Structures are given as C-alpha cells and as structure tokens.
Amino acid sequence: MSQQPLQRRERLYIDGEWHEADDVLEVTDLADGGSFAQVAAASPEQADDALAAAQRAQSELRETTIPQRVEWLDAIAEGLLERKEELAEVIVREAGKPISSARGEVESAAERFRRAKEEARSLKGEFREGTTAGHEGWEAIVKHEPIGTVLAITPYNYPVSTTALSVAPAMAAGNSVVLKPASDTPVSAAILADVISELDLPDGAFNFVPGRGSVIGDVLSGDDRVNAVSMTGSSAAGKHVAKESGMVNLHMELGGNAPAVVFPDADLADVAGQCAKGSFKYAGQRCSAVSRVLAHEEVHDEIVDLLEAEMDSWQPGDLFEEDTTMGPLINEGQAEWVEELVEDAVEKGADLVRGGERDGAHFEPTLLANVPHDARIVHEEQFGPVAAVTTFEDEEQAVEIANRGDLALDASVFTSDYDRAMDLSDRLDAGAVRINGAPSHGLGDIPFGGNKASGIGRQGLHTTIEEMVRKKSIVL
C-alpha cells in the first residue's frame, strides 16, 4: 500500500491563464480510499469564456505552419514523459488502474503525440485539372485548412491516451481545442494542460474546462462556435451530444459489446488466453473488451474450463504492486450495474462458474457459462470483469446473435479456416473484426470506430486528422 498523498488542487486553463472556480470536483482515490484531489469545476460562464477564447484563437492558428505544430506536438510528448511517474500515480489513483498499465498508458499518450506530428506532415494538399466538358483548362489547388474549434470530450478509462487521440490530431491540423475530461478522472488531463501551457501557443488555442456534465455539457456541445466534436464515451451520452450539437463534424467512438465467435477448429488454449485478456484487462472497462464469448456448442464446456484456469492470472491486488493485473471499477454505481447484469443472467439460467461478488466498487472477475441468448449481458454493454459464454449451432446463428443488439464496435473470430474467417468478418456488423485475437485499438495506426449506436466516423491518428480539416478548392 502506498503512502496517502497530499490532496492536489487543480485549476481551469482558459485563454492562456489559470482560473479558480466556485465549485470543485472531488476526485476519489481508488488506490487508498478517500479523496486525493480537488479540481475546479467550470461554471456555464467559464465554459462560455473558453469557447470565446477558442474562437478568437482561430485566425492566429490558421497562420501557423506545420513545422510549428510539429514542434508543439514533440514538446508535449517530451513533457508527458518527463512527468511519467507523476502521471502514472495519478492514473492509478483516479482511474483505479494497476501501476504497470498506468505507465504504459503515459507512454502510449506520448507516442500518439509523436505520431501525430508525422501525420501532420502528410497534409500536403493537391493539384487537379478539369477533365469534364466545359471545364477544359481549369486548374485547381486543393488546400487543407483547420476546421475551427474542436470540443474534446474524453472518457475515464484511458484518461491520458484517449485524450491524446483527440487533442493531438486537433492541434496537428491547426485547430483550437476545448477539452472537457471525464469528471471521475480530471487530474491527469490537468497535468496534460499544464504541459501544454508551457508552450508558446496563441492564447485560447488550448482550453481545459473540467466540470459537471449536467452543468456545462450542453453549454459546450450546443454552442455554434464549436466546429467539431471529438468524443469517446457511452452510447447514451453520445446520442445526447449529437442531439445538442447540430450541424458540426461529429467524431464519436461510443459503447461496445464485442463478441468473440469461437469455432471448434480454433486453438482453444490460445482462445482462452485471448478472451481472458479481452474480458478482464482493466476490469473490463474498455469499449473494445470481449463482452461475450460465442462458443460453438461442441466446444462450450472446454472453453469454459480453459477460461476458468486463465482467471488465476487476473485477480485484484494492491494497485501499486507491479504484478497486480486488476483493480476496482471506477465507482460503486458501475459495480452495481455489472452486478445487475450478472444477476439477470443467472436468473435466466446461466451457470455462475466463478466470481459474481461485489464489495463497494470492487467486482470479482466472473465467469458465466451457458448464458441464455435473451440475457441482457449478451446484448448490453457491461464495462466490467465478466466473461459471459454462450453457444451457437452454426455460422448463421452465430452471426444472428452477434448482430442482434444496437452496439457494433468490435468483434473477434477464432478459427483456422481462412475462408470462414473472411466470410464472418464480412457478415459481422462491427467497425473492426480481429481474427484469432482479442480486439485492440492500439495507437491508432489502423482506423477504428463503431456502427449503429457505437459511434460516428472512425478514429486513428491519420483518420482523425482528416476529420479535423476541411478542403478548400481554389480554381484558377
């Protein structure tokens, strides 16, 4: 157990200056209990000030060059790495993430800023000639220009690396940014804001406005001065923001309920290892988590036995111990939600093989077998450490079960048959399908995002930058 830290106090950053607020967010210490930080909670007036500052900064940002932006992005990456241990400790405390994973997240965030600077160099524009009748001799220069102000709404589960995936492309494209972090995990974002505040940016180019969604959420998302919304969060929150935002560029990665479809010809020992990691990493609080294992009826029992054996490697412990693999959920309410889904499955006939107990925000790693197809956990996002194993008879039924809900972010197919793998990949309704592996979004080299209620557009460093510029054709 680590020593209880002195309580931190963090402020807002608006128009190039730090500000206090009348209200504060109390940030729970998920490692040692109690509160470890107070973060200023922006008022509607302060949120409005941030939007005004971001709008004023647009004209100056539009004049910046790609080499200037590259220098900023590189400096941010270095600044994050210089504060790696501080950031990692903060992530452990506010997000409940084991220390080894927290360090990895800081490194990933820094790498995303570094890679964004390389992607910025790809914004080269193009030259086109008219090829249709009546346009002979036309020539045009097609330029990229910033879209304007990007509102970044970021989640609690990866409070630095996911924030980097919104902020880095926005800055690379020359936009101003208003960052609204999750209220459960605003301290790591405050450190990022502190790193950015040291740069020679135009005032208002970057603004940090933590606060309660009920107080400032609609003020930010419903304002005409916002030109793009980059959001990672729940489907319900995303639908609300989309309703409020109107005609802006929406770029959203939302809820997930990834199925892992397992056929008898797969390497079942490897399947169990992949699905355990997919279900239990960061206590299942990942939009790409394996939420349900769809096992062919011939191998259901074997998969359950192998998964149970894997669970010994995924147990809660002291978050500051290097070998701890799991911690608590973000709050007691989330743990109660997972408990509700597990109880529903058991009431409908599922076998509780292991786990299932809740203690405050802690929920045991849990394995359910023979889960009925009508159990809520088969089709609703759980965001908890539960491997729910159900069965299918043939490919048609597997696809029907996998595609039945309104979430369609990720999926996996485990088989040694190449043709089957490719056929299922085409038929599964998901933004990304992983063959013989658990879903993973990595650093953003490959575009990812969801269909249906799982999002709008695709994320990824290059993809996101493309979403945050607009093309202007100058016809000669």
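Since we're looking at a predicted model, the values are computed, not measured.

Pairing within the open sheet is antiparallel, and its three strands lie in the order E6-E7-E25. Looking at strand neighbours, the two that pair on one side only are strand E6 (126-129) and strand E25 (469-475), the edges of this open sheet. Ignoring strand direction, the axes of neighbouring strands in this sheet form an average angle of 30°.

In regular strands, side chains alternate between the two faces of the sheet. In this structure, strand E4 (residues 23-28) lies alongside strand E5 (residues 35-41), joined through six bridges in antiparallel fashion. Counterpart to Val24 in the pairing with E5 is Ala40. Linking E4 to E5, which pair antiparallel, is a turn of six residues; within it Gly33 sits at a positive phi near 85°.

Pairing is mixed in the open sheet, where seven strands are placed in the order E15-E18-E19-E14-E13-E21-E22. Each edge of the open sheet is held by one strand with a lone partner, namely strand E15 (351-354) and strand E22 (432-435). Pairwise comparison of adjacent strand axes, ignoring direction, gives a mean angle of 25° for this sheet. Across three bridges, strand E13 (residues 258-262) lies against strand E21 (residues 410-414) in parallel orientation. Paired with Val262 across the bridge in E21 is Phe414. Seen against the sheet, helix H12 (residues 395-402) touches E13, strand E14 (290-296) and strand E19 (386-392) and runs at an angle of roughly 165° to E14.

Turn by turn, an α-helix covers 3.6 residues, leaving residues three or four places apart pointing in a common direction. For helix H7 (residues 213-221), the set of buried residues is Ile216, Leu220 and Ser221. Here the buried residues of H7 occupy an arc of 120° about the axis, which is enough to place them on one side. Tucked into the core, H7 has its buried residues touching helix H1 (44-62), strand E8 (149-153), strand E9 (176-180) and helix H8 (235-245).

Here the focus is the UniProt feature "domain: Aldehyde dehydrogenase" (unreviewed entry) in the protein. UniProt's feature table lists "domain: Aldehyde dehydrogenase" (unreviewed entry) at residues 20-474, given in the numbering used throughout. Between the end C-alpha atoms of residues 20-474 there is a gap of 45 Å, over a span that is 39% helix and 22% strand.

This next bit is on the packing of aromatic side chains. This structure, assessed with the given rule, holds four aromatic pairs. Ring plane angle 85° and centroid distance 6.1 Å describe the contact between Tyr156 and Phe383, whose orientation is recorded as edge-to-face. Linking Tyr156 in the loop between E8 and helix H5 (161-172) with Phe383 in the loop between strand E18 (366-369) and E19, this pair joins segments that are 227 residues apart in sequence. As far as the burial class goes, Tyr156 and Phe383 line up, both buried. Ring plane angle 70° and centroid distance 5.3 Å describe the contact between Phe263 and Phe392, whose orientation is recorded as edge-to-face. Taken together, the residues Phe263 in the loop between E13 and helix H9 (268-280) and Phe392 in strand E19 connect sequence positions 129 residues apart.

What follows concerns the packing of helix H2 (residues 66-82) against helix H4 (residues 99-120). In a pair of packed helices, the angle between the axes and the distance between the axes together describe the arrangement. Running from N to C, H2 and H4 point in directions that differ by 170°, and their axes come no closer than 8 Å. The angle between H2 and H4 falls in the class roughly antiparallel. Only Val106, Glu107, Ala109, Ala110, Phe113, Arg114, Ala116, Lys117 and Ala120 of H4 make contact with H2, whose side of the interface consists of Ile66, Val70, Leu73, Asp74, Ile76, Ala77, Glu78, Leu80 and Leu81. A class-by-class count of the residues in the contact of H2 with H4 yields 13 nonpolar, no polar and five charged.

Here the focus is the environment of Ala350. Tracing the sequence through the fold places Ala350 in the loop between helix H11 (332-347) and E15. Measuring from C-alpha to C-alpha, the distance between Ala350 and Ile76 comes to 49 Å, with 274 residues separating the pair along the chain. Each residue touching Ala350, except ones within four places of it in the same chain, is listed here: Ala345, Ala369, Asn370, Val371 and Pro372.

The next thing to look at is the side chain of Thr463. Here Thr463 shows up in helix H14 (residues 461-467). Those residues in contact with Thr463 that sit more than four places away from it in its chain are Pro447 and Arg458.

Right, let's get into the state of the cysteines. In a disulfide, the sulfur atoms of two cysteines are covalently bonded to one another. Considering all chains together, one arrives at zero disulfides under this definition. Take Cys275: it sits in no disulfide, and the sulfur closest to it among the cysteines is that of Cys287, at 17 Å. Taking the relative accessible area as the measure of exposure, Cys275 reaches 1% and is therefore buried.

Judged by nonpolar contacts, the single largest core of 71 residues is most densely connected at Ile76, Phe113 and Phe206. Phe263, Val389, Val399 and Leu428 belong to the second-largest nonpolar core, a separate cluster that totals 53 residues.

At a minimum axis distance of 9 Å, the contact between H2 and H5 shows a crossing angle of 155°. By the criterion of interaxial angle, the relationship of H2 to H5 is roughly antiparallel. Across from Arg69, Leu73 and Ile76 in H2, the residues of H5 making contact are Ala168, Met171 and Ala172. Within the contact of H2 with H5, the residues separate by chemical class into five nonpolar, no polar and one charged.

A few words now on a nonpolar patch on the surface. A grouping of Phe127, Ile141, Ile474 and Leu476 is seen on the molecular surface, where their side chains present a nonpolar patch of about 370 Å² in accessible area. Under the relative-accessibility criterion, Phe127 is labelled partly exposed at 48%.

For Tyr282, which is not a glycine, the phi torsion comes out positive at approximately 45°. Unlike most non-glycine residues, Lys452 shows phi in positive territory, near 50°.

Attention now goes to a negative patch on the surface. Together, Glu17, Glu60, Glu71, Asp200 and Asp203 make up a region of like negative charge exposed at the surface. Structurally, Asp203 is set in the loop between helix H6 (187-197) and strand E10 (206-208).

Definitions and cut-offs
- Residues numbered from 1 in each chain as written.
- Predicted model: local features only at pLDDT ≥ 70, side-chain atom pairs only at ≥ 80, totals over all residues.
- Heavy atoms only, no water.
- Pairing = 2+ DSSP bridges.
- Helix = DSSP H or I, 4+ residues; strand = E, 2+ residues; numbered from the N terminus.
- Axes fitted to C-alpha atoms, helices over the stretch in contact; angles between N-to-C directions.
- Contact = heavy atoms within 4.5 Å.
- Buried < 20%, exposed > 50% of the residue type's maximum accessible area, 1.4 Å probe, protein only.
- Arc of directions from axis to C-beta.
- UniProt positions renumbered as here; feature names shortened; annotations may be inferred.
- Phe/Tyr/Trp six-rings, centres within 6.5 Å; stacked < 30°, edge-to-face > 60°.
- Parallel < 35°, antiparallel > 145°, perpendicular 65-115°, else oblique.
- Nonpolar A, V, L, I, M, F, W, Y, C, P; charged D, E, K, R; others polar.
- Disulfide = S-S within 2.5 Å.
- Core = buried A, V, L, I, M, F, W, Y, C linked by side-chain atoms within 4.5 Å.
- Patch = residues over 30% accessible without salt bridge, like charges linked within 9 Å, V, L, I, M, F, W, Y side chains within 5 Å.
- Areas by Shrake-Rupley, 256 points an atom, 1.4 Å probe, with all protein chains shown as cover.
- Salt bridge = Lys/Arg side-chain N within 4 Å of Asp/Glu carboxyl O.
- Lys, Arg positive; Asp, Glu negative; His and termini not counted.
- Charge placed at Lys NZ, Arg CZ, Asp CG, Glu CD.

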